[in-house]
Amino acid sequence: MRVRHAHAHDASAIRRLIDLYVADGTLLPRAEEYIAANAEHFLVAESDGHLTGCVHLDEYAPSLAELRSLAVDTAMQGKGIGSALVNATEALARQRGCVTLFAVSNDEAYFNRFGFLARHIPELDRERSEVSRYKGVFAKDIGVV
Ligand SMILES: CC(C)(COP(=O)(O)OP(=O)(O)OC[C@H]1O[C@@H](n2cnc3c(N)ncnc32)[C@H](O)[C@@H]1OP(=O)(O)O)[C@@H](O)C(=O)NCCC(=O)NCCS
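Below or above, wherever it landed, is the structure these notes cover.

Thresholds, definitions, all that
Residues numbered from 1 in each chain as written. Predicted model: local features only at pLDDT ≥ 70, side-chain atom pairs only at ≥ 80, totals over all residues. Core = buried A, V, L, I, M, F, W, Y, C linked by C-beta atoms within 7 Å. Buried ≥ 20, exposed ≤ 12 C-beta atoms within 10 Å, placed from the backbone. Helix = DSSP H or I, 4+ residues; strand = E, 2+ residues; numbered from the N terminus. Near = placed C-beta within 6 Å. Nonpolar A, V, L, I, M, F, W, Y, C, P; charged D, E, K, R; others polar. Pairing = 2+ DSSP bridges.

## Thoughts on the nonpolar core
Here is step 1 of the chain: Among the nonpolar cores identified, the biggest contains 33 residues, and I14, F42, L43 and C54 are the most heavily contacted of them.
Here is step 2 of the chain: Listing elements by their share of this core, those giving two or more residues are α1 (11-19), β2 (42-47), β3 (50-61), β4 (64-72), α3 (81-95), β5 (100-105) and β7 (136-141).

Written as structure tokens, this is what we have:
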């Protein structure tokens, strides 16, 4: 398994991975056109030539980025793919000058494992209605101002 930057032609496979978790409300849907146009901000996990996971680094504001659309194929969970994607997202965010990385999720225990802790992010408030059905916002400081 390796994690690499996504290409526009990965968009339909990425959309399929995200869609696995849209029906139950875990993830918000993403259009293929959006993914293709923003491919440089997506990372994918590839195993034996198949995409088995994806994640989106959404640069939300200067020095603030969101880890979103983290999805691992249901048949491939528990093999470290999610961890590899979270760690690669953190490295990419740091490389791009991001100081704080956050995720909006119901899965506090998972994000705690990587040092993300519940935090109020004031910049998020304008979007709060969209995310209010989620349990929380979990943030990690990854760089220096
Ligand atoms: C959450 C998700 C990305 C984890 O992917 P994964 O590849 O199965 O995760 P990993 O194999 O890297 O798991 C790493 C560790 O976290 C643990 N873990 C997995 N899911 C967990 C959860 N929901 N809560 C707490 N710990 C969890 C694993 O047991 C593993 O522990 P170990 O290192 O002691 O063996 C995957 O289950 C998924 O796609 N979920 C649906 C989408 C989602 O919830 N996205 C997050 C919100 S953006």
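After presenting the structure, the write-up continues.
## Some words on the site of the ligand
Here is step 1 of the chain: By nearness alone, 20 residues border the ligand, and Q77, G82, S83, A109 and Y110 come closest of all.
Here is step 2 of the chain: Elements supplying a minimum of two residues to the shell around the ligand: β4, α3, β5 and α4 (108-112).
Here is step 3 of the chain: A total of 4 residues in the shell around the ligand trace back to one element, the largest contributor, which is β4.
Here is step 4 of the chain: Looking at the shell around the ligand residue by residue, the classes come out as 9 nonpolar, 7 polar and 4 charged.

## Overview of the pairing of β2
Successive residues of a regular strand alternate their side chains across the two faces of the sheet.
Here is step 1 of the chain: Bridging between strand β1 (residues 2-5) and β2 involves 4 bridges; their strand directions are antiparallel. Looking at the pairing, R4 lines up with V44 of β2.
Here is step 2 of the chain: Across 6 bridges, the pairing between β2 and β3 is antiparallel. Considered in β3, the bridge of V44 is made with C54.
Here is step 3 of the chain: The hairpin turn running from β2 into β3, its antiparallel successor, is 2 residues long, and D48 in that turn takes a positive phi close to 50 degrees.

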